[in-house]
Amino acid sequence: MLNIEKKIDGNAMEVALSGRLDTTTAPQLEEVVKAELTGKDSLVFDLAQLEYISSAGLRVLLSAQKIMNNQGSMVVKNVSEEVNEIFEVTGFADILTIE
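Throughout, residues of each chain are indexed from 1 in the direction in which the sequence is written. In view of the model being predicted, local features appear only for residues whose pLDDT reaches at least 70, and side-chain atom pairs are presented and counted only at 80 or more, with totals across whole chains, interfaces and linings using the full set of residues. In computing side-chain properties, one takes all heavy atoms of the structure into account and sets aside hydrogens as well as water.

## Digging into the packing of helix α1 (residues 26-36) against helix α2 (residues 55-71)
Axis geometry follows a simple rule: fit a line to the C-alpha atoms, using only the stretch in contact for helices, then measure angles between N-to-C directions, giving values from 0 to 180 degrees. Each helix corresponds to a stretch of at least 4 residues labelled H or I by DSSP, and each strand to a stretch of at least 2 residues labelled E; elements are numbered beginning at the N terminus. Interaxial distance between α1 and α2 falls to 9 Å at its minimum, and their mutual angle equals 10 degrees. Between α1 and α2, the angle falls in the class roughly parallel. Of the residues in α2, those in contact with A26, L29, E30, V33 and K34 of α1 are A56, G57, R59, V60, S63 and A64. Class assignment for the residues of the contact of α1 with α2 results in 6 nonpolar, 2 polar and 3 charged. Comment on the angle field: the value is read as roughly parallel under 35 degrees, roughly antiparallel over 145, roughly perpendicular from 65 to 115, and oblique elsewhere. Any two residues having at least one pair of non-hydrogen atoms within 4.5 Å are treated as being in contact. Residues are grouped as follows: Ala, Val, Leu, Ile, Met, Phe, Trp, Tyr, Cys and Pro are nonpolar; Asp, Glu, Lys and Arg are charged; all remaining types, including Gly, are polar.

## A short note on the nonpolar core
Counting residues in hydrophobic clusters, the biggest one holds 28 residues, and the most contacted among them are L17, L29, L43, F45 and F87. Those elements that provide at least two residues to this core are β1 (2-9), β2 (12-21), α1, β3 (42-53), α2, β4 (73-77) and α3 (81-90). Element by element, the count of residues in this core is highest for α2, at 6 residues. Sequence-distant contacts of F45, defined by excluding residues within four places in its chain, comprise V15, L17, L29, V33, L61, A64, M74, V75, V76 and K77. Buried Ala, Val, Leu, Ile, Met, Phe, Trp, Tyr and Cys residues that are joined via side-chain atoms within 4.5 Å together make up what is termed a nonpolar core. Working definition: with a 1.4 Å probe on protein chains only, accessible area under 20% of the residue-type maximum means buried, over 50% means exposed, and in between means partly exposed.

## Comments concerning the sheet that holds β4
Taken in spatial order, the 4 strands of this open sheet run β1-β2-β3-β4, and their pairing is mixed. This sheet does not close on itself; its edge strands, each paired only once, are β1 and β4. The mean inter-strand angle of the sheet, taken between neighbouring strand axes irrespective of direction, is 15 degrees. With 5 bridges connecting them, β3 and β4 associate as parallel partners. Bridged to S42 within β4 is S73. With respect to the sheet, α1 is in contact with β1, β2 and β3, its orientation differing from that of β1 by roughly 10 degrees. α2 rests against β2, β3 and β4 of the sheet, and its axis sits at about 170 degrees to β3. Strands are labelled as partners when DSSP assigns at least two bridges between them.

This is the structure in structure tokens:
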């Protein structure tokens, strides 16, 4: 299960994720991101409560990163050790801006 909490402040959007971002829940996040990103120049993913991310979840983050490369910046923050390890192994640590 994935819980998505979004906060929009003008041209900035923060998305807090809790639970599991996997094959089942990735389309849910993708829908939110695609629907809300138009006109945004700042996107922050808060992963403090994210327990797990699969390749499907990584794909959604990569897709969001590609969109934001053209219109602003994207930051991933509060990454747990487990999720950070997945970012390291997959090379996403080099692609994403992680704080």
